[in-house]
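# Remarks on the overall topology
The residues making up each chain are set out below.
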Amino acid sequence: MTDHPNAGTPTFLKTIRQPTQAFSVAVYLIAGIALIPFFRYQVNTDGISYLSIAEKYLQGNFRDAVNGYWAPLLSWLLAPALIIVRDRFLAMRIVSLFIGLFTLIVFMHAARVFRLKGWIRRAISLAVIPPILYYANIQFTSDLLLAGMFLLYVTLVMDSRYLEDPRRAALVGMSAAFCYFAKHYALPLLILHLTVASLAHLSLKPITKVFRNFGISFMLFLCVSSCWVGVLSIRYGQLTISTAGAYNMASIGPSRPPYPMDKGRLVPPPNQTARSIWEEPSQAGYPPAWSPLKSTKSFIYEIRLCLTNLWLIVRYLHDFTIFASMIVAGYVVLLFKRRQSWIVQPLLALLIYPAGYVLVRVEPRYLWPMSMIMFLMAGYLLSIVTRKRSFVAIVILSFVALPTLHLARARNLNADIHATSLQLHDAGVSGKLASNGNWNGTLYLTEYLDCSYYGYTDERSMTDLDQQLKKYGIDYFIAWETISPTLRDYLSQYPVAATLKEPKLKAFKLH
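In this text, all values refer to a predicted model and were calculated from it rather than measured experimentally.

Glancing now at the pattern of salt bridges. Following the criterion strictly, the structure yields 12 salt bridges and no others. Across the salt bridge formed by glutamate 447 and arginine 88, the nearest N and O atoms sit 2.5 Å from each other. Taken together, the positions of glutamate 447 in helix α20 (residues 439–449) and arginine 88 in helix α5 (residues 88–113) put the pair 359 residues apart, joining distant regions of the chain. Among the residues examined, glutamate 447 registers a relative accessible area of 1% and is labelled buried.

As structure tokens, then:
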């Protein structure tokens with residue numbers, strides 16, 4: 001294989017100095033700021049946990065801030081924003097906006113590494129804005145942050161200077177470590193990817209140079225990552241890179257056990273300042289442990305799960321663009337025709353990135369980095385296959401249409417729940433909350449009301465419910481929708497603090 005003759009790429013910061021790229025940045029910022037009022041009170045379960053952890057850092061509560069389930073980088077970014085912007089919901093929106101900006105700049109830099117030129121590069125630099133705005137506004141999670149960090153890492157590995165300059169190798173190692181700080185999933189992922197991606201360069205450079213720079217990247221990656229691994233290990237009393245993997249693996253076992261918060265019993269938050277047990281779900285106890293290697297039945301179950309997840313990945317990739325299969329197939333053909341070493345790197349990223357998710361579960365947001373890489377691959381294929389602007393426009397629009405539609409439909413997300421929280425606040429609802437269902441909705445109310453949530457009950461035993469409510473000192477019980485006769489009789493002994501028609505709920509004051 002031979003490398004592309006124009007392998008040298010401008011530095012990352014030079015990207016935004018280009019007039020057309022600066023225009024894309026301006027469009028993104030204007031659109032992003034304009035969208036803030038429509039997503040002003042957007043919250044989600046994961047975002048509430050990241051926010052709670054960020055607040056712990058500001059309070060100096062570092063013991064509880066160190067969390068094995070949620071990676072630290074998003075909370076580290078949010079913490080200083082909370083100092084500048086006292087409104088925590090606005091702070092989350094601003095941090096999401098700048099994470100999206102970082103991802104956009106990385107994407108435009110990657111477009112140059114992917115050898116995109118002229119109007120095609122300018123077109124996709126603008127077209128990627130709606131998907132990024134959708135990712136930044138629909139949820140406050142680490143997935144967009146990881147998408148930007150992983151894309152930066154991949155472009156650094158693709159650049160031939162990775163094998164020429166030890167400083168480039170150091171950048172690869174640092175970017176890999178920050179992927180781990182963004183999401184714990186990245187540590188085993190990048191150990192595998194960095195090894196395979198470096199081996200793919202063996203046909204390009206002498207083996208001694210490849211292994212030298214691979215060693216620099218790999219050792220720096222492990223050394224920087226080990227700082228957080230050490231902190232987690234001290235926190236949990238054993239070697240720990242994450243508690244999420246074991247928890248998620250246990251939760252998808254053959255018996256399909258419910259999450260601890262879904263068992264119909266109240267579960268206290270893991271610490272005094274946590275909103276709910278979702279801040280550290282492993283503290284509620286793992287679902288029953290299982291192993292695919294335990295029996296033939298378990299092994300077959302895991303194989304079926306992997307096949308289901310592989311099908312979901314294919315489906316989600318085609319949700320990103322209906323041309324997903326054609327893009328991947330075109331790149332495979334291109335690899336054999338042109339035999340240029342850098343072409344294999346995007347394919348390796350697409351192949352290796354979802355490997356861990358295949359074993360457990362797949363959600364569309366997990367695959368956001370893959371959507372970015374496929375967009376760039378499509379741009380390069382278009383640049384060498386056709387100059388017909390109509391066809392190029394169709395392919396580009398296939399990446400843009402659904403995110404734009406979803407973004408428009410999601411405007412004023414959670415505004416109704418926020419309005420409900422204001423009514424409950426006026427009624428004096430505060431302290432410790434429990435409910436008869438609607439975990440997510442009640443958790444959102446808890447965040448808006450600055451309370452703590454102990455979960456919901458299955459209403460099977462009022463004696464058991466009474467014991468739980470008194471054990472945890474629950475202050476208010478939120479009864480959603482139609483209340484069962486048994487629960488209605490039990491709650492009748494308590495005064496009604498608030499009655500709402502839309503959504504239909506009652507808040508009972510227990511203390």
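With that out of the way, let us pick up the packing of helix α8 (residues 143–158) against helix α15 (residues 344–352). The contact between α8 and α15 brings their axes to 9 Å, and the two run at 145°. Handedness of the α8/α15 crossing: right-handed. Contact residues: α8 offers Phe150, Val154, Val157 and Met158, while α15 offers Gln345, Pro346 and Ala349. Looking at the contact of α8 with α15 residue by residue, the classes come out as six nonpolar, one polar and no charged.

The packing of two helices is summarised by the inter-axis angle and the distance between the axes. It is at 11 Å that the axes of helix α1 (residues 19–35) and α5 come closest, and there the two elements cross at 160°. In terms of orientation, α1 lies roughly antiparallel with respect to α5. You can see that α1 and α5 cross each other, and the crossing is right-handed. Mapping the contact onto sequence places Gln21, Ser24, Val25, Tyr28, Leu29, Gly32 and Ile33 in α1 and Ser96, Leu97, Gly100, Leu101, Leu104, Ile105 and Met108 in α5. In terms of residue class, the contact of α1 with α5 is built from nine nonpolar, five polar and no charged.

Counted according to the given criterion, the structure contains 28 aromatic pairs. Cluster of aromatic residues (ring-pair linked, three or more members): Phe150, Tyr153, Tyr185, Tyr353, Tyr357 and Tyr366. Sitting over the ring of tryptophan 119, arginine 389 keeps its end group 4.4 Å from the ring centre.

Ranked by size, the top nonpolar core spans 161 residues in total, and within it Phe150, Tyr153 and Leu424 carry the most contacts. When residues in this core are grouped by element, the largest group, 15 residues, is from α5. Leave out the neighbours within four places in its chain, and leucine 424 touches Val429, Leu445, Leu449, Ile478, Ala498, Leu500, Leu505 and Ala507. One finds Tyr454, Leu465, Tyr472 and Ala479 within the second-largest nonpolar core, a separate group that totals 17 residues.

The subject of this paragraph is the layout of surface pockets. As a volume, the largest pocket reaches approximately 1,000 Å³. Lining of the largest pocket is provided by 39 residues; of these, Lys183, Ala244, Asn248, Tyr357 and Tyr366 occupy positions nearest its centre. Per-class residue counts for the lining of the largest pocket are 22 nonpolar, 11 polar and six charged.

Conventions we followed
Residues numbered from 1 in each chain as written. Predicted model: local features only at pLDDT ≥ 70, side-chain atom pairs only at ≥ 80, totals over all residues. Heavy atoms only, no water. Salt bridge = Lys/Arg side-chain N within 4 Å of Asp/Glu carboxyl O. Helix = DSSP H or I, 4+ residues; strand = E, 2+ residues; numbered from the N terminus. Buried < 20%, exposed > 50% of the residue type's maximum accessible area, 1.4 Å probe, protein only. Axes fitted to C-alpha atoms, helices over the stretch in contact; angles between N-to-C directions. Left-handed = near helix turned anticlockwise from the far one by under 90°. Contact = heavy atoms within 4.5 Å. Nonpolar A, V, L, I, M, F, W, Y, C, P; charged D, E, K, R; others polar. Parallel < 35°, antiparallel > 145°, perpendicular 65-115°, else oblique. Phe/Tyr/Trp six-rings, centres within 6.5 Å; stacked < 30°, edge-to-face > 60°. Lys NZ or Arg CZ within 6 Å of the ring centre and 35° of its normal. Core = buried A, V, L, I, M, F, W, Y, C linked by side-chain atoms within 4.5 Å. 1 Å grid on protein atoms, 1.4 Å probe; cavity = no way out; pocket = protein on both sides within 12 Å on 5 of 7 lines; lining within 4 Å. Points joined across faces, edges and corners; volume = space filled by probe spheres on them.

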